[in-house]
Amino acid sequence: MVVAVAAFGALLWLEQRRSLREPLEPKGRRVARNLAVAGVSAAVLHLAERPVSLPLARLVERRRYGLLQRVRLPRWLETALGLLLLDYTLYIWHVLEHKVPALWRYHAVHHVDLDLDASTALRFHFGELAASVPWRAAQIVLIGVTPRTLAIYQRLLMLSIMFHHSNVRLSTRAEKWLSPMIMTPRLHGIHHSVVDEEVNSNWSSGLTIWDRIHHTLRPKATKEDVTIGLPEYRNPADLTLPKVLKMPFEQLPQSGARAVDHGGSHSSRRNSATALARV
Ligand SMILES: [Zn+2]
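Here's what I pulled together on the structure shown here. (Residues numbered from 1 in each chain as written. Predicted model: local features only at pLDDT ≥ 70, side-chain atom pairs only at ≥ 80, totals over all residues. Heavy atoms only, no water.)

**Points about the overall build of the chain**
Helix and strand counts for the chain come out as 14 helices and zero strands. Reading the helices (α) and strands (β) of the chain from amino to carboxyl end gives α-α-α-α-α-α-α-α-α-α-α-α-α-α. For the chain, with 279 residues in total, the buried portion stands at 48%. Counted over contacts in the chain with a minimum sequence separation of 6, partners at least 24 positions apart contribute 70%. (Helix = DSSP H or I, 4+ residues; strand = E, 2+ residues; numbered from the N terminus. Buried < 20%, exposed > 50% of the residue type's maximum accessible area, 1.4 Å probe, protein only. Contact = heavy atoms within 4.5 Å.)

Next up, the structure:
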């Protein structure tokens, strides 16, 4: 927790000194809004995920459930493979969040932010986090994740998502060295672009190998200056805290290459059919 807060502070400081993109909204207002969304989500995580993940990981260790518990491996190798498989299955979950309409409704709240910085890394709708609990449970049981691997993974993931959402410009050398291995702020910015083809790329949360093996890694954006957000939501007045919290239940963020819901108006249903045909 202390490390996460220190990393968050360091990234905010670096964003002021070496910004990657020109922000659209005032920083203070956005950070306050994103932290408020994060606060609600943290409460849901505390109530919904914590009581599931850790007891399940303890059970896995005790009863030797899951793939990695079936074979006797040195502890370091078991941990390393556990981290790799958790990272890969998170890649799959992220793709599903874009392709499955019921999940996209919630994940859109993360994408609708007009700017991208370390605070966006904490801006996940509580519905999205609640929906991820069964997925996380399946990851733990099927992979065979022990409490130790789970704790290391949760810490690394938090640092990784804060880093790649940040608005920090890396040096050309650092970018060249890091991007073949891990998701960088520039690469992840392309995933948050208003351009549909760019959204459907760079899904990895940790290692970029998953994008490479699925041919979804996009090293360059079509334009040098990536426009962040969703094309349907360009007005900051539509993105206040109450509106983003209500968004999955009321509005329908819609775009050609993204998932769309079958609910809503006649016109949205008509557009759904066209859009789904394109996914
Ligand atoms: Zn996404």
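Once you've had a look at it, read on.
**Quick look at the coordination of the zinc ion**
Within the first shell, the zinc ion binds the protein through His 94 (NE2), His 98 (NE2), His 107 (NE2), His 111 (NE2) and His 191 (NE2), at distances of 2.2 Å. Counting residues between consecutive donors of the zinc ion along the chain gives the motif H-x3-H-x8-H-x3-H-x79-H. Here His 107 falls in the buried class, since its relative accessible area comes to 2%. (Donors = N, O, S within 2.8 Å, 3.2 Å for Na, K, Ca; no water.)

**Observations concerning the nonpolar core**
In terms of nonpolar packing, the biggest core is built from 29 residues, with Ile 140, Val 145, Tyr 153 and Met 162 touching the most fellow members. Listing elements by their share of this core, those giving two or more residues are α1 (2-17), α3 (50-63), α5 (75-99), α7 (126-143) and α8 (147-165). A total of five residues in this core trace back to one element, the largest contributor, which is α8. Excluding anything up to four places from it in sequence, Val 145 contacts Ala 57, Val 60, Leu 86, Gln 139, Ile 140 and Leu 150. Among the nonpolar cores identified, the runner-up in size contains eleven residues, and Leu 114, Leu 230, Leu 239 and Met 247 belong to it. (Core = buried A, V, L, I, M, F, W, Y, C linked by side-chain atoms within 4.5 Å.)

**Quick notes on the side chain of Glu 198**
Looking at the element boundaries, Glu 198 is found in helix α11 (residues 196-199). Separated by 2.7 Å, the side chains of Glu 198 and Ser 193 make a polar contact. Not counting residues up to four positions away in its chain, the partners in contact with Glu 198 are Ile 190, His 191, Ser 193, Arg 218, Ala 221, Thr 222 and Lys 223. (Polar contact = N/O pair within 3.5 Å; in protein donor to acceptor, adjacent residues only side chain to side chain.)

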